[in-house]
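# Structural overview
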Amino acid sequence: MILWAALLMSHCCLGLNGAAAGKNSGLERIEKCSTRCSQGLHCKTKSNNWFSPLCQDPTEGLNPSSVFHNISLSTVMSCEGRQKCSLRLRIKTTLHLTESIHGVSICTATAGMMENCQMFTFKRASRERMSGMQVEVENDCTDISPSQHVQVTVKTVPSYCGVTWTRTYEAPECSNEDLRSHVPECITGRLSYDVNPERKELSVSVSNMLEDHDYLLRLCHKDFICIGTGANTLIKKGEPVKSATLPYSRPLPCLCIEGWSTVMDAPRVQVCPFKDRLEELWSGINFDPLEETLSWEPTCPVTAVVVLCQKREDGICVDLLHASQNVSREKISFSKVDPHPQLCMKFTVGSQSWTRCPFANARFQAWEMIVTRQQGREDIKMSSQVTATFSVGLCAKSEGSTVCDTHTMHVTKHKAVGLNLAGELCNSCLQVKRLDVKFSATVIHCLEQSNQSSLCRAVISSQASWDLPWVIVPAGVCLCGIIINTLVLHILLTVYQRRKQKRNGGCISEKQTDPDCVVPVLQTQPVLHGGVLIPDSPQCGNTEKANLLSD
């Protein structure tokens, strides 16, 4: 019992150590390739056969499922140094041995290479002794390369028609950590970086590079291949610090750091510091005012949907009809576009969207509505930098719905035109859209409410409407006439009063010796005596009224 316990613990420890070694080292290591057969079965390896022998009819009961059991394929690694390892394909076959089976043949084939076959025969004495038993044959001497596809075919010796086993095996890729550290064709070096956005620089450090070789770094734009943006930077193998500083112009998502060893066909490693900065792509929108064409070309490959939209006051951009295009690498363009400030481009990638408005600064604005307000009234005219046709509608809400009275207006270049609408327009809005282009924004202007009335007033100028100068001029003429008439009447009244005073006489104030004596103004009745009005002589201290003389 004690012996069995010791053996069990030893087996468990060996198993744990093997698992730990496998976890730490990745692929299993072998010192040299070999062929192994079940204990008691003597195997002999024969050289390659350039031509496979013809198959013969199988004996009764022979078929693939009755002969081959648990055939497995795996990769092992043979190393001569820390960075000098190669890959081998291990083929392990379990078969049911009979008197008619003298051995197995294992063939491997890869693209562009001739088939390579190995024959393993069993000595007569051992196969007669182990006939009817399941035996194992294992071989790990087939060289393979990373990511290689290998077709494996197992046959019996002699070859029986239809008694074969075939599989395709894919070798591990260079992305495997074990391969990246120890297989020369997979060693790319490891790149780490720091970004200095203020100086627009990338500080790059290299580790685990291929021993005894220099190293190259560069910045490139990643597409089908990585296209360099400048000169390569060389890091010498003897330098104690393997680092370099690379300047960049824009933090594009396809801008990558690429590194590789200075050997023929060396594998390369790429890291892209700004791969999530998709917002950097939505610049470079161009507009041709002569052709009225809006275009955009991606600086990096991106799968996106581009649509023209109209930006509302609340910031939401509403898609225009039939104004959507898919983009990946090619330039896209929208023809016959009205360059209005509200017209924008919306870029959508997955569930994210970005909006850019190239006409927001009104640099290319082709037309506008000119609104002037005087005394609670609005005067609206259309002015255009190009000859254009517009749809103009007066829309009003009625019983929960909007009703628009729409007509077409033609505007000549650099000639303002008034709108043929006037009257009491309550809760109404003006809706204008350019018709002679394919893509345009619909501009809405709501008429303002007058401060003096609860009604919404709009006097919109046109050739047949009330023109403001024809109101001001007659009103001014009338006002001047009133003022002149008033002045003339005032002068006539003044002259009349003065003449009346001269006819009736008057009291001239004079200073007397007695300061208390003042000549009173004549207050007489209009009675004539002989046609002459004679006042009393002024007497100091006499307070009697003047007497009229009569005949």
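Quick note: structure is the one above.
Just so it is clear, the model here is predicted, and its values are computed rather than measured.

### Here's the deal with unusual backbone geometry
Cis geometry is found at the peptide bond from Val-157 to Pro-158, where omega equals -5 degrees. Relative to the helices and strands, Pro-158 is located in the loop between strand E9 (149-157) and strand E10 (164-170). Its identity as a non-glycine residue notwithstanding, Asp-212 has a phi of 65 degrees, on the positive side. Note that Asp-212 resides in the loop between strand E12 (201-207) and strand E13 (215-222). The phi torsion at His-414 lies on the positive side, around 65 degrees, for a residue other than glycine.

### Things to note about the environment of Ser-295
Topologically, Ser-295 is positioned in strand E20 (residues 293-296). Residue classification places Ser-295 among the buried residues on the basis of a relative accessible area of 9%. When the C-alpha atoms of Ser-295 and Ile-285 are compared, they prove to be 5.9 Å apart, with ten residues separating the residues in sequence. If we ignore the near neighbours within four places in the chain, the residues touching Ser-295 are Gly-284, Ile-285, Asn-286, Lys-331, Ile-332 and Ser-333.

### Details of the side chain of Thr-188
Within the secondary structure, Thr-188 sits in the loop between helix H4 (177-182) and strand E11 (190-196). Every residue in contact with Thr-188, bar those within four places of it in the chain, is listed here: Arg-180, Tyr-215, Gly-259, Pro-267, Arg-268 and Val-269.

### Here we look at the pairing of E12
The side-chain alternation of E12 yields one buried face, formed by Leu-202, Val-204 and Val-206, and one unburied face, formed by Glu-201, Ser-203, Ser-205 and Ser-207. Here seven bridges tie E11 to E12, and the two strands are oriented antiparallel to one another. Each bridged residue has a counterpart across the sheet, and for Leu-191 the counterpart in E12 is Val-206. Where E11 hands over to E12, the hairpin turn is made up of four residues, of which Lys-200 adopts a positive phi near 55 degrees.

### Points about the nonpolar core
Among the nonpolar cores identified, the biggest contains 43 residues, and Leu-217, Trp-282, Trp-296, Leu-308, Val-337 and Met-345 are the most heavily contacted of them. Among the elements that line this core, the one with the most residues is strand E24 (residues 343-349), at four residues. Lining this core are residues from two domains, each supplying at least three of them: domain 2 (187-271) and domain 3 (278-356). Among all residues touching Trp-296, those that are not within four sequence positions of it are Leu-281, Trp-282, Ser-283, Gly-284, Ile-285, Val-302, Val-306, Val-327, Lys-331, Ile-332, Met-345 and Phe-347. Ranked by size, the runner-up nonpolar core spans 33 residues in total, among them Phe-122, Ile-144, Val-150 and Ala-171.

### Focus on the state of the cysteines
Scanning all chains against the criterion turns up 13 disulfides. Here Cys-55 is linked by a disulfide to Cys-161, with a sulfur-sulfur distance of 1.9 Å. Negative torsions about the S-S bond denote left-handed disulfides, and the value of about 85 degrees found for Cys-55 with Cys-161 makes this one right-handed. On the criterion of sequence distance, the pair formed by Cys-55 in the loop between strand E3 (43-46) and helix H2 (64-67) and Cys-161 in the loop between E9 and E10 is long-range, its members being 106 residues apart. Taking relative accessible area as the criterion, Cys-55 reaches 41% and is therefore assigned partly exposed. Relative accessible area serves as the criterion here: at 29%, Cys-161 is assigned to the partly exposed category.

What counts, and where the lines are drawn
Residues numbered from 1 in each chain as written. Predicted model: local features only at pLDDT ≥ 70, side-chain atom pairs only at ≥ 80, totals over all residues. Heavy atoms only, no water. Helix = DSSP H or I, 4+ residues; strand = E, 2+ residues; numbered from the N terminus. Buried < 20%, exposed > 50% of the residue type's maximum accessible area, 1.4 Å probe, protein only. Contact = heavy atoms within 4.5 Å. Pairing = 2+ DSSP bridges. Core = buried A, V, L, I, M, F, W, Y, C linked by side-chain atoms within 4.5 Å. Domains from an automatic or database assignment. Disulfide = S-S within 2.5 Å.

As far as function goes, none of this settles anything; it's purely spatial.
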